[in-house]
Amino acid sequence: MTDPSPPRAVRDRPVLAPRPLWRPPVDPAARGTFGRPQGVRGAFAGNDRTAAPSLPLAPPTDGVLVEAFGRPPGAPSLQREAAPPAVRALPTPAEDNPWRRTDAVATLGAPALPAEPAAAVELGPAVRYSLREALFQKRLRPGALVLAAVIALVIGAVGATIGTFAASRVPAPGLDPEYTLATAQPAVERAPGSVADVAARVIPSVVSIEIRIGDTGGSGSGIVLDGDGHILTNNHVAAVGTTAGAQLSVVFSDGTRVPATILARDTRSDLAVLKVDVDNLTVAALGDSSTLEVGDAVIAIGSPLGLSGTVTTGIISALDRPVKLAGEGSDTNAVIDALQTDAPINPGNSGGALVDAGGAVIGINSAIRTLGDTASGSIGLGFAIPINYARDIAEQLIRTGAAVHATIGVDARSATDGTTLGAQVQNVRAGSPAEAAGIAEGDVITAVGDRAVGSADELVVAVQSHAVGEVVPVELTRDGRGFSVEVTMAQE
């Protein structure tokens, strides 16, 4: 490469010389793979094939192998001799065949076989005849008409045959008057004592109670006590019927609806007796609630939410459960010594029957425990008035129109000293049995008779479990010292 000429001045300013051409270095391995062969300078090597090195020949075959595996002398070779190439005669330029002349140029000429034009045939307009012209004006020959009729009949017969065959093979989508579904034989055995058997016997003795006041009203349940038409229910159900203009009705299991009147009510027990004028009543069988044990099977029957004849099942969850009943839109102010059950009970079940496995009524469904909303459904905490207590109250209401309750004449609240639960006396009424027995304010009552007292509600039910005039021992705690006094039950 020659040295670049010195820069020339442009308008008295120096100009830099061009930089030398830079060529990147070539990898020797790449040069050996893609470079020109040794001694070749141009793009292609010469056509002298003799100059190219020959491939190395295989070494001669060992004579022992040739003698063992070679062909015997004079045997024909297995390789067929190559056939001599066929010699094709090339057309000479003298032949006038442009398709075989390589020097022929494209030219236009006449077709090899010119087609002769076909003779044009002029067709006249088609003649159309109406059915009247064809039949009456004899436009067609009688033979043609007969042939057309025969063809039409044949086509119709073939179509009818195909349609009949297809209809017989395809199932008809129509109705089948003789179609029936198979019925399985019932496998349930309703043995005596089953829930179905008990319900069938008890439902006729349970009634629905409906009270209408203008456009509003209420509902509940009740049981038939006797053939004279006495119906036992809750006071908070019957109390709605004391409103002016209220219409009270009793609906039996067969749908018979009759008017009813309130015979008597008791706010302290939440029980009431109605009277209806009906013959041939199915009377409920009253059992003995004192024989119950926790876990005994029970059945609740009533009209929850107005659904008459509803049957639910459960067990006795607890005995002697004090439950306070107050308000609920009535004058009820009671504490009941309830039977607790997990049989689903809902609004409308009140006054209905809680029966044992034998079908005997052992309680009057009266209350439920909810999670805050009084209109919510059952959560498995239902309470019923024991039938032994309800029977005594009902007899008093039917005989005298009022019920008598025992009292000792104190007001108390639930209290504890940290180790003992009880009912602390807040007030002692003047002239009461408690005053006569020496009970003072501040005393804590821990037992009445043989029943322990752990709260104010338990004191109420413990006292009510005794008859008026009965002398009962009452255990007290005063200033940390316990003692017992005799108290004579008085009428409240």
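What counts and what doesn't
- Residues numbered from 1 in each chain as written.
- Predicted model: local features only at pLDDT ≥ 70, side-chain atom pairs only at ≥ 80, totals over all residues.
- Heavy atoms only, no water.
- Helix = DSSP H or I, 4+ residues; strand = E, 2+ residues; numbered from the N terminus.
- Buried < 20%, exposed > 50% of the residue type's maximum accessible area, 1.4 Å probe, protein only.
- Contact = heavy atoms within 4.5 Å.
- Salt bridge = Lys/Arg side-chain N within 4 Å of Asp/Glu carboxyl O.
- Pairing = 2+ DSSP bridges.
- Axes fitted to C-alpha atoms, helices over the stretch in contact; angles between N-to-C directions.
- Polar contact = N/O pair within 3.5 Å; in protein donor to acceptor, adjacent residues only side chain to side chain.

**Remarks on the overall build of the chain**
For the chain, the helix and strand inventory stands at nine helices and 21 strands. The buried share of the chain, reckoned over its 492 residues, is 29%. Of all intrachain contacts in the chain linking residues separated by at least 6 positions in sequence, the fraction that spans at least 24 positions is 58%.

**With respect to the pattern of salt bridges**
A complete count under the given rule lists eight salt bridges for this structure. Residue R265 pairs with D331 through a salt bridge whose shortest N-O separation is 3.1 Å. Here D331 lies in the loop between β9 (310-327) and β10 (332-341) and R265 lies in strand β6 (residues 261-266), a separation of 66 residues in the sequence. The exposure class assigned to D331 is partly exposed, which follows from its relative accessible area of 37%. Linking E395 and R399 is a salt bridge whose minimum nitrogen-to-oxygen distance equals 3.8 Å. Taken as a pair, E395 and R399 lie in helix α7 (residues 387-400) at a separation of four residues, close to a single helical turn. Among the residues examined, E395 registers a relative accessible area of 32% and is labelled partly exposed.

**Examining the sheet that holds strand β5 (residues 257-259)**
In spatial order, the strands read β5-β4-β1-β2-β3-β7-β6; together these seven strands make up an open sheet with antiparallel pairing. The sheet is open, and its two borders are formed by β5 and β6, each paired with just one other strand. Strand-to-strand twist of the sheet, defined as the mean angle between neighbouring strand axes without regard to direction, takes the value 30°. Of the strands in this sheet, β3 (230-234), β6 and β7 (271-275) are in contact with α7, which crosses β7 at around 50°.

**Observations regarding the pairing of β6**
In this sheet, β7 lies alongside β6 in antiparallel orientation, the contact comprising five bridges. When the sheet's bridge partners are listed, A264 is paired in β7 with V273. What sits between the antiparallel neighbours β6 and β7 is a turn of four residues, in which D270 has the positive phi angle 60°.

**What to know about the environment of I379**
Inspection of the secondary structure puts I379 in the loop between β12 (361-368) and β13 (382-386). Overall, I379 belongs to the partly exposed group, its relative accessible area being 40%. Remark: the alpha-carbon pair of I379 and I368, spanning eleven residues in sequence, is separated by 8.2 Å. In contact with I379, other than residues within four places in its own chain, are R369, T370 and L371.

**Some points on the side chain of D270**
You can see D270 is positioned in the loop between β6 and β7. Apart from residues no more than four positions distant in its own chain, D270 is found in contact with T233, N234, N235, H236, L325, T332, A334, S366 and I385.

**Quick word on the side chain of D337**
Within the fold, D337 resides in strand β10. At 2.6 Å, the side chain of D337 forms a polar contact with the side chain of R451.

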